[in-house]
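# Examination of the molecular architecture
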Amino acid sequence: MGESLPGAGIKLHAKPGDTVTAGQPLLTLHTDTPARFEVGGSYDIGAAGTDFAAAPVVLERIA
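Right, let's walk through the structure included here. (Residues numbered from 1 in each chain as written. Predicted model: local features only at pLDDT ≥ 70, side-chain atom pairs only at ≥ 80, totals over all residues. Heavy atoms only, no water.)

Next up on the list: a nonpolar patch on the surface. Residues I10, L12, L29 and F37 make up a contiguous nonpolar surface patch of about 340 Å² in total accessible area. Tracing the chain through its elements places L12 in strand β1 (residues 8-12). (Patch = residues over 30% accessible without salt bridge, like charges linked within 9 Å, V, L, I, M, F, W, Y side chains within 5 Å. Areas by Shrake-Rupley, 256 points an atom, 1.4 Å probe, with all protein chains shown as cover. Salt bridge = Lys/Arg side-chain N within 4 Å of Asp/Glu carboxyl O. Helix = DSSP H or I, 4+ residues; strand = E, 2+ residues; numbered from the N terminus.)

On to the environment of G46, then. If you trace the backbone, G46 turns up in the segment after β2 (27-31). As for G46 and T19, which are separated by 27 residues in sequence, their C-alpha atoms are 9.6 Å apart.

Below, the discussion takes up the environment of T31. Among the secondary structure elements, T31 is positioned in strand β2. Separated by 22 residues in sequence, T31 and G9 place their C-alpha atoms 6.5 Å apart. Within the local environment of T31, its side chain forms a polar contact with the backbone nitrogen of T33, the two atoms lying 3.0 Å apart. (Polar contact = N/O pair within 3.5 Å; in protein donor to acceptor, adjacent residues only side chain to side chain.)

Note that all results are geometric; they support no functional claim without further evidence.
Laid out in structure tokens, this is it:
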């Protein structure tokens, strides 16, 4: 059998600029090593009607 490769991915449930409600999931992190990741505090939620300029969702690709 082949060598097992580590896996990770993020499923966005709400994209930048979407309207969200309290308790709504923003994302799901899929990883083989969840203890290595902390996503709390890595996002900001503004008040409804706040001007918003989206930054790129993908910052970099690693090959």
